[in-house]
Amino acid sequence: MDEQPQGRSVTGAGTRAGTGAGAGVLSWPGCDNARDLGGLPTVWGGRVRAGALVRADRLRRQGARAALAYGVRLVVDLRLPAECAADPSPLAGHPCYRNLPVLREEDSVLEAMGDTLPAIYRAILDRGAERLARVMTAIALAPPGCVLLHCHAGRDRTGLAVALALTLAGVPEDRIARDYARSRDGRSRPAEGLWAQATEETMLETLAYLRDRYGGAAPYLGLLPSVGTRLRARLTEP
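Because the structure is a prediction, the values reported are computed rather than measured.

### Some points on the overall build of the chain
Across its full length, the chain holds nine helices and seven strands. Buried positions account for 51% of the 238 residues belonging to the chain. Residue pairs at least 24 apart in sequence account for 69% of intrachain contacts in the chain once pairs closer than 6 positions are excluded. Only carbon and sulfur atoms are counted for the fraction: they give 52% of the accessible area of the chain, which is about 10300 Å².

### Examining the sheet that holds strand β1 (residues 35-36)
An order of β1-β3-β6-β4-β5 is seen for the five strands of this open sheet, with the pairing classed as mixed. Among the strands making up the open sheet, the edge pair consists of β1 and β5 (97-99). Examined bridge by bridge, β1 and strand β3 (residues 53-56) share two bridges and lie antiparallel to one another. Bridge pairing links Arg35 to Arg55 in β3.

### A short note on the packing of helix α5 (residues 157-169) against helix α6 (residues 173-185)
At a minimum axis distance of 10 Å, the contact between α5 and α6 shows a crossing angle of 155°. By the criterion of interaxial angle, the relationship of α5 to α6 is roughly antiparallel. The hand of the α5/α6 crossing is right-handed. In contact with Gly159, Val162, Ala163, Leu166 and Thr167 of α5, α6 contributes Ile176, Asp179 and Tyr180. Taken together, the residues that form the contact of α5 with α6 break down as five nonpolar, two polar and one charged.

### Considerations on the packing of α6 against helix α7 (residues 200-214)
Viewed as axis vectors pointing N to C, α6 and α7 meet at an angle of 135°, and their least axial separation amounts to 8 Å. By the angle between their directions, the pair α6 and α7 is classed as oblique. Where α6 crosses over α7, the handedness of that crossing is right-handed. Across from Glu173, Asp174, Ile176, Ala177, Arg178, Tyr180 and Ala181 in α6, the residues of α7 making contact are Glu200, Thr202, Met203, Leu204, Leu207 and Arg211. For the contact of α6 with α7, the class distribution of residues is seven nonpolar, one polar and five charged.

### Regarding the environment of Tyr70
Tracing the backbone through its elements, the reader meets Tyr70 in helix α1 (residues 61-70). Between the C-alpha atom of Tyr70 and that of Gly51, which follows or precedes it by 19 residues, the distance is 8.0 Å.

### Some remarks on the pattern of salt bridges
In total, this model carries 16 salt bridges according to the counting rule given. Between Asp77 and Arg79 there is a salt bridge; the shortest N-O distance is 2.9 Å. You can call Asp77 buried: its relative accessible area is 0%. Salt-bridge contacts for Arg155 lead to Asp156; the nearest nitrogen and oxygen are separated by 2.7 Å. Like Arg155, the residue Asp156 is buried in the burial classification.

### Some thoughts on the environment of Leu204
Position of Leu204 relative to the elements: it lies in helix α7. The class of Leu204 is partly exposed, set by a relative accessible area of 33%. Along the chain, Leu204 and Asp174 lie 30 residues apart, while their C-alpha atoms are 7.1 Å from each other. With residues up to four places along the chain from it excluded, the contact list for Leu204 reads Glu173, Asp174 and Ala177.

### Quick notes on the pairing of strand β4 (residues 72-77)
Look at any regular strand and the pattern is simple: side chains alternate between the two faces of the sheet. Within β4, five of the six residues are buried, which leaves it mostly tucked inside the rest of the structure. Alignment of β4 against strand β6 (residues 146-150), held across five bridges, turns out to be parallel. Of the residues in β6, the one forming a bridge with Asp77 is His150. Pairing of β4 with β5 involves three bridges; the strand directions are parallel. Directly across from Asp77, in β5, lies its bridge partner Asn99.

Cut-offs applied
- Residues numbered from 1 in each chain as written.
- Predicted model: local features only at pLDDT ≥ 70, side-chain atom pairs only at ≥ 80, totals over all residues.
- Heavy atoms only, no water.
- Helix = DSSP H or I, 4+ residues; strand = E, 2+ residues; numbered from the N terminus.
- Buried < 20%, exposed > 50% of the residue type's maximum accessible area, 1.4 Å probe, protein only.
- Contact = heavy atoms within 4.5 Å.
- Areas by Shrake-Rupley, 256 points an atom, 1.4 Å probe, with all protein chains shown as cover.
- Pairing = 2+ DSSP bridges.
- Axes fitted to C-alpha atoms, helices over the stretch in contact; angles between N-to-C directions.
- Parallel < 35°, antiparallel > 145°, perpendicular 65-115°, else oblique.
- Left-handed = near helix turned anticlockwise from the far one by under 90°.
- Nonpolar A, V, L, I, M, F, W, Y, C, P; charged D, E, K, R; others polar.
- Salt bridge = Lys/Arg side-chain N within 4 Å of Asp/Glu carboxyl O.

As far as function goes, none of this settles anything; it's purely spatial.
This is how it looks when you write it as structure tokens:
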């Protein structure tokens, strides 16, 4: 796409629902799983700033236009290069776009990584610390404006990357898990297969594994303290 980022939209396709069960949900054309994470509380008494971090499924052309109008200044596409080649982002080539894959090339089939969604997430964590650290660094060093993380469906790779970012920002685990489960609960179709396992319990189990195996998000990622501080300052407000 050749559009340059515009000012953040307050109406139309970029509208953010304000309160209630749909708070944060973004009605972007072609997106079934987009929401602004603003408003989530932190353990330090602050909250995630609205318009700082958005999670979504893959963008289509009209959704990409809505994202730019919303104020997105960095799009991190978490898909594999082969996925991006087969289904290119409409923002590929735009200055705001980066492809930072979470998976190894050989891990292109999630079901081959584990028998359950928690097992798959453990495998992604065990194999992907360096790649996920690059995603966190990109968030911390992003230009002013909104950061958008997305993969294909916005559930697994996006769910883990968002969980790590929110953990570093100080959001309590129960609120991280509750947000994760909204991807399943907001679907218009019945939850089947791995979607049926996209529950609060799955994310809580994953975060417990992260603590028990690696000592938490910060030791797992191995980021410089300054990067963690910048990410927290970028995403949160008092």
